[in-house]
2 protein chains.
Amino acid sequence: MSRKEKIVILGGGFAGLNVLKNIDRKRFEVHLVDRNNYHGFPPLFYQVASSGLEPSDIAFPFRRRLGKEGHAGARFHLGNVTAVDPQSKTVTTDSETISYDRLVIALGTTNNFFATPELIDRVYTLKSIDEAIRLRNEVISRCEKAALEKDEETRRKLLTFVVIGGGPAGVEVAGALGELKRYILKREYPEIAPDEMTIHLVEGSGRLLAAMSEKSSRDALEGLEKLLVDVTTGRVMKSYDGERAVLDDGSEINSTLVVWTAGVKAQPIEITGTDAGTLFGKGGRIITDDHCRVAGMDCVYAIGDMGIFTDGKYPRGLPQLAQVAIQQGRYISRLINGTGKGPFRYDDKGSMATIGRNKAVADIGKFHFSGWTGWMAWMFVHLVSLMGMRSKLSVLMNWTWSYFTYNTSLRILLHGSKYPLRRHD
Amino acid sequence: MSRKEKIVILGGGFAGLNVLKNIDRKRFEVHLVDRNNYHGFPPLFYQVASSGLEPSDIAFPFRRRLGKEGHAGARFHLGNVTAVDPQSKTVTTDSETISYDRLVIALGTTNNFFATPELIDRVYTLKSIDEAIRLRNEVISRCEKAALEKDEETRRKLLTFVVIGGGPAGVEVAGALGELKRYILKREYPEIAPDEMTIHLVEGSGRLLAAMSEKSSRDALEGLEKLLVDVTTGRVMKSYDGERAVLDDGSEINSTLVVWTAGVKAQPIEITGTDAGTLFGKGGRIITDDHCRVAGMDCVYAIGDMGIFTDGKYPRGLPQLAQVAIQQGRYISRLINGTGKGPFRYDDKGSMATIGRNKAVADIGKFHFSGWTGWMAWMFVHLVSLMGMRSKLSVLMNWTWSYFTYNTSLRILLHGSKYPLRRHD
């Protein structure tokens, strides 16, 4: 028997994991490379940041999944991918060089600070579990400091939070901070008057959740206002020096805690011997053909948030959503297995965002859901798309339970995590 | 009505928490100071280190407890205590100065490196949840590195672990590492041959668990040998340069990961205007009279691991056990409430240690338990002494469940915690 074809998957997010899950390991040798040893669940990172969930509730170690099947035909590699060489068919990480027969690039995105790269050292972000824990620790730490502070001015300064970006991540984190202000402060911090905490949300476009229906935008705005969040739309932050956020109309917000959710770009990757100008499109994403193949390369695919896939409905590329990543992951595995052919077709299942603890807005086809119904829809869709295996149900039940009870046992301050993050960009 | 008397409790461990729980807050104003915002459960720190439990499973935020009672008559202060001034009746922390009418000192212990203070930068320790997370990350990180390593020699080097100290903490962490070697490696790391991992346990006295019965020592030794741990007794580590541990018989163990569990000392504290020579005894602990009062100070108590309380049976001081701390905490609250008087009397309920996942040894009165029975006894005793409130039962059930299923979902590597710890000594 000839050697098995070697498939290397870069990134174990929704896209990469769905390739791994569905590929035929009897016929292919599969290698997964990720900078973390677990698959994270980005839709709930904001809940880790707001002490609603623990990292382990939304992180699934890759080796646990591989171990169930005795690791037959699959290997995990911890590493940061630095370069791909299509000539020698190798991938280089910070620890090793791996050869491939076929390559799936699915590294996802990281924060994009556009014209203000200096923000990287001044703001808090939410693109990984590590970043979420860092924000959690900072928020708890400020509440504790404010509780000991005698000067009201200083307390207000410690407790003025600005969220930049009114997409799902921004709306969700602002909502979670709003719950802290509205419900938790008076229960746990009698030393602080709730109105001493201020939460600003600044969105550049005319409305929140601009990619969703206008009804969803209105519901989100109403939900956040009930949670005492000050929402500003049509304004962009031009600069931030660590103390003062200056908006494009010249107005200023004094704050020492800014959360940036206003932009993403593809994880940077070097593809040697190619013309970067034609390979990469907007936001550093890789342009692909209708089979998710990187242009000019037969056996290299780019999927999920990292690829730019255009069709008639999306001439500028599919949206960067979990649904696209999951569907492309499954598509690629069928393509490699030989059980599917023809171009990839995106089946839009709608989009959603949560506002606060048990409310959500959802646009599914022509239907709009909000409040509790929206939240049930949110749960249902994520359950259906994520849970392939029975064993994961227990994890899902666990976080559902935590979510409803809002177990404040999680509001613990771990000093070990207070130190600088390893930066990915 | 006159001003309420102000009771300040330093430290929210078993001792301090039991004062807080039982003191009459209608009559006294209680302030708790702790360097963490949660009460940790040290008997299970080793399980956090071995990915068996999450920090939130064994950490209870103080504000959650206070919040249940509307914070009536109680306040929490996050801070590191630096000094006590008995003349002005004040306590200084790194954030503030707090006055008191009566003071309860219950700061517990930290690591003691005796004649080798340089070890602080070279070894891993287990005296806090932060330290446990640091060890967890290091162990997982080494397994991942070894899985990518082609050279067997280097793999063995990465996977040689030395535990110094054969008391309960040392036996428990060595047992947990033994389970990793015996059960988890082959399931999750097919790249590593289990015999490439070596676990040494070095104990200075003639037997493991020297404070317990000889039968417990024998059971512990047998249990660890089944888990493939190499146990050496009657040997002390004289030096460790980060690569080589030299024992007192001149023998050497090459290892880059040493876990130190061989000694504790009281948390350092300055008590101004007093004679440190007569105030502090062995290990920096504060000498008290038979009412747990600090000698010569009417309204200052030292309890738990931090105090030296002697009686006929324990002329050198009570053992540093949770049971002593809990009983002294309750005693002090009764003393302050006026509902109890007379000297403190220690009721020895026995001692226990766990070996591996579901085995334990226990000496209770004249009885010795081991294996599964010992483990049930361990659970029962901790349940009885810890759980005053119904709501904590859910947490207990949670960790019991995790413990039995050994949920490997927790084996996640958080980079944020990889950075240096805030040192407490």
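Provided above is the structure to which this section pertains.
### Comments concerning the packing of aromatic side chains
Residues and elements named next belong to chain A.
And step 1. Scanning the entire structure with this criterion turns up 12 aromatic pairs over all chains.
And step 2. For the pair tyrosine 331 and phenylalanine 344, a centre-to-centre distance of 5.4 Å together with 70° between the ring planes defines the contact as edge-to-face. Taken together, the residues span a long stretch of sequence, with tyrosine 331 in helix H9 (residues 322-337) and phenylalanine 344 in the loop between H9 and strand S23 (351-354) at a distance of 13 residues. Comparing tyrosine 331 with phenylalanine 344, the two get one shared label, buried.
And step 3. Connected via pairs of aromatic rings, a cluster forms that spans Phe309, Tyr331 and Phe344.
And step 4. A cation over an aromatic ring shows up here: arginine 134 above the ring of tyrosine 124, its NZ or CZ 4.2 Å from the ring centre.

### Let's talk about helix H4 (residues 129-148) of chain B
And step 1. Compared with an ideal rise of 1.5 Å per residue, which puts 20 residues at 28 Å, H4 of chain B spans 29 Å between its outermost C-alpha atoms and is within 8% of the ideal.
And step 2. Burial analysis of H4 of chain B places 19 of its 20 residues in the buried class, which makes it a mostly covered element.

### So, unusual backbone geometry
Trans peptide bonds make up the majority, and among non-glycine residues the majority have a negative phi.
And step 1. Of note in the backbone geometry, leucine 228 of chain A takes a positive phi value of approximately 65° without being a glycine.
And step 2. Secondary-structure assignment places leucine 228 of chain A in the loop between helix H7 (214-226) and strand S13 (229-233).
And step 3. With phi around 55°, lysine 89 of chain B is a residue other than glycine that occupies positive phi space.
And step 4. Here lysine 89 of chain B lies in the loop between strand S6 (81-85) and strand S7 (90-93).
And step 5. What makes lysine 89 of chain B partly exposed here is its relative accessible area of 30%.

### Some details on helix H1 (residues 14-22) of chain B
Residues separated by three or four positions in an α-helix point in the same direction, a consequence of the helix having 3.6 residues per turn.
And step 1. Most of H1 of chain B is tucked away, with 7 of its 9 residues classed as buried.
And step 2. Within H1 of chain B, the full set of buried residues consists of Phe14, Ala15, Gly16, Leu17, Asn18, Val19 and Leu20 of chain B.

### A look at the packing of helix H4 (residues 129-148) of chain A against helix H6 (residues 168-188) of chain A
Residue and element names in this part refer to chain A.
And step 1. At their nearest, the axes of H4 and H6 sit 13 Å apart, and the two run at 30° to each other. Taken together, the axes of H4 and H6 lie roughly parallel to each other. Note on packing geometry: the crossing formed by H4 with H6 is right-handed. Counted together, Leu135, Val139 and Cys143 of H4 and Val173, Leu177, Leu180 and Leu185 of H6 form the full contact between these two elements.
And step 2. Classifying every residue of the contact of H4 with H6 by side-chain character gives 7 nonpolar, no polar and no charged.

### What about the sheet that holds strand S2 (residues 28-34) of chain B?
Residues and elements named next belong to chain B.
And step 1. An order of S5-S2-S1-S9-S21 is seen for the 5 strands of this open sheet, with the pairing classed as parallel. Since the sheet does not close on itself, it has two edges, and those belong to strand S5 (74-78) and strand S21 (300-302), each with one partner. Adjacent strand axes in the sheet meet at a mean angle of 15°, parallel and antiparallel pairs treated alike.
And step 2. Relative to S5, S2 is paired through 5 bridges, and the arrangement is parallel. For valine 30, the partnering residue across the bridge sits in S5 and is alanine 74.

Definitions and limits used
Residues numbered from 1 in each chain as written. Chains lettered and ligands numbered in written order. Predicted model: local features only at pLDDT ≥ 70, side-chain atom pairs only at ≥ 80, totals over all residues. Heavy atoms only, no water. Phe/Tyr/Trp six-rings, centres within 6.5 Å; stacked < 30°, edge-to-face > 60°. Helix = DSSP H or I, 4+ residues; strand = E, 2+ residues; numbered from the N terminus. Buried < 20%, exposed > 50% of the residue type's maximum accessible area, 1.4 Å probe, protein only. Lys NZ or Arg CZ within 6 Å of the ring centre and 35° of its normal. Expected span 1.5 Å × (residues − 1). Axes fitted to C-alpha atoms, helices over the stretch in contact; angles between N-to-C directions. Parallel < 35°, antiparallel > 145°, perpendicular 65-115°, else oblique. Left-handed = near helix turned anticlockwise from the far one by under 90°. Contact = heavy atoms within 4.5 Å. Nonpolar A, V, L, I, M, F, W, Y, C, P; charged D, E, K, R; others polar. Pairing = 2+ DSSP bridges.

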